[in-house]
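Chain residues, written in single-letter form:
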Amino acid sequence: MIQTVIFDMDGVIVDTEPVHHFAYNQHFKQLNIEITPEIYASFTGNSTKNIFEKLKTHFNLKDDVTTLVETKRNLFNDAFDQKEDLYLLDGVEDLIKDLYANGMQLVLASSSAHVTINRIFNRFGLHHYFTHIVSGEDFPKSKPHPAIFLKAAELAKTPVENCIVIEDSTNGIAAAHAARIYCIGYDSVNSKLQDYALADKVISHFNELSFEKIRTIKG
């Protein structure tokens, strides 16, 4: 029986992708580098640090990774604070409240930095529902490496077979698969160029899920 639900954040709880896309592209222009849509899509689920480690090597960028990350983060924060039309994804708040009210443990495992996660959780009042928050910035390797989900299960004190992951990205789904955790792929209207082949179940709206449906999943 499922005891813990591990949520990704970007693209699952809130669609911050347009804000990230804007911030990254502003930064790419400053750096005078060109990133194709296909390469950008491959970044989904990676931490900002890992993305800039790859870009620094590929483009021989002069700034160190810490500076690159900080510049992008500041661009994101400015855009996030100015964006008034930012909402939780349709149906996810109802699902979170349903799971919480029925005693399901909720853990966040996001590639975003702690400061970004807290910014979003504070804006939407989400801290109350989650027992643990795990950030990708604390791990040397990003999704598809399974470390972030294994840590989430460890913090929740729940065997992996009693956990599920809700993810929207190719890398996130692969990470859950590598961790041997049942994965629900969220294929939303915001998803772009992502592969759901390794997901155990695919949904297109959160009204397809409930506490009753989730608790009986066999991990």
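Look up: the structure comes first, before these words.
Residues numbered from 1 in each chain as written. Predicted model: local features only at pLDDT ≥ 70, side-chain atom pairs only at ≥ 80, totals over all residues. Heavy atoms only, no water.

1. Considering the nonpolar core
Consideration 1: The biggest cluster of nonpolar side chains holds 41 residues, and the ones touching the most others in it are Phe7, Ile13, Ile166 and Ile214.
Consideration 2: Residues contacting Ile214, with those up to four places away along its chain left out, are Ile2, Val5, Leu95, Leu99, Met104, Ile164 and Leu209.
Consideration 3: Ranked by size, the runner-up nonpolar core spans 20 residues in total, among them Phe139, Val165, Ile173 and Tyr196. (Core = buried A, V, L, I, M, F, W, Y, C linked by side-chain atoms within 4.5 Å. Buried < 20%, exposed > 50% of the residue type's maximum accessible area, 1.4 Å probe, protein only. Contact = heavy atoms within 4.5 Å.)

2. Structural notes on helix 7 (residues 147-156)
Consideration 1: Turning to helix 7, its buried residues are Ile148, Phe149, Ala152, Ala153 and Ala156. Each buried residue of helix 7 sits inside an arc of 135° when the element is viewed along its axis, so together they form one side.
Consideration 2: Looking at the residues trailing helix 7, positive phi occurs at Lys157, about 55°. (Helix = DSSP H or I, 4+ residues; strand = E, 2+ residues; numbered from the N terminus. Arc of directions from axis to C-beta.)

3. Describing the sheet that holds strand 1 (residues 4-7)
Consideration 1: The strand order across the open sheet formed by 6 strands is 3-2-1-4-5-6, and the pairing between neighbours is parallel. Here the strands that pair on one side only, and so sit at the sheet edges, are strand 3 (132-135) and strand 6 (201-203). Shown here is a sheet whose adjacent strand axes are inclined to one another by a mean of 20°, direction ignored.
Consideration 2: Here 4 bridges tie strand 4 (residues 163-167) to strand 5 (residues 182-186), and the two strands are oriented parallel to one another. By the bridge assignment, Glu167 is partnered in strand 5 with Gly185. (Pairing = 2+ DSSP bridges. Axes fitted to C-alpha atoms, helices over the stretch in contact; angles between N-to-C directions.)

4. A word on the pairing of strand 5
Successive residues of a regular strand alternate their side chains across the two faces of the sheet.
Consideration 1: For strand 5, a buried count of 5 out of 5 residues is recorded, marking the element as mostly surrounded by other parts of the structure.
Consideration 2: Here strand 5 shows no split at all, with Tyr182, Ile184 and Tyr186 on one side and Cys183 and Gly185 on the other all buried.
Consideration 3: Crossover connection from strand 4 via helix 8 (residues 170-178) to parallel strand 5: handedness right-handed. (Right-handed = clockwise from strand over helix to strand, strands pointing away.)

5. Quick word on the pairing of strand 4
Consideration 1: The buried count for strand 4 comes to 5 of 5 residues, which makes it a mostly enclosed element.
Consideration 2: Where strand 1 meets strand 4, 4 bridges bridge the pair, whose relative direction is parallel. Bridged to Ile6 within strand 4 is Val165.

6. Notes on the state of the cysteines
Consideration 1: Applying the stated rule across the entire model yields 0 disulfides.
Consideration 2: Left unpaired, Cys163 is separated from the closest cysteine sulfur, that of Cys183, by 12 Å.
Consideration 3: With a relative accessible area of 1%, Cys183 lands in the buried category. (Disulfide = S-S within 2.5 Å.)

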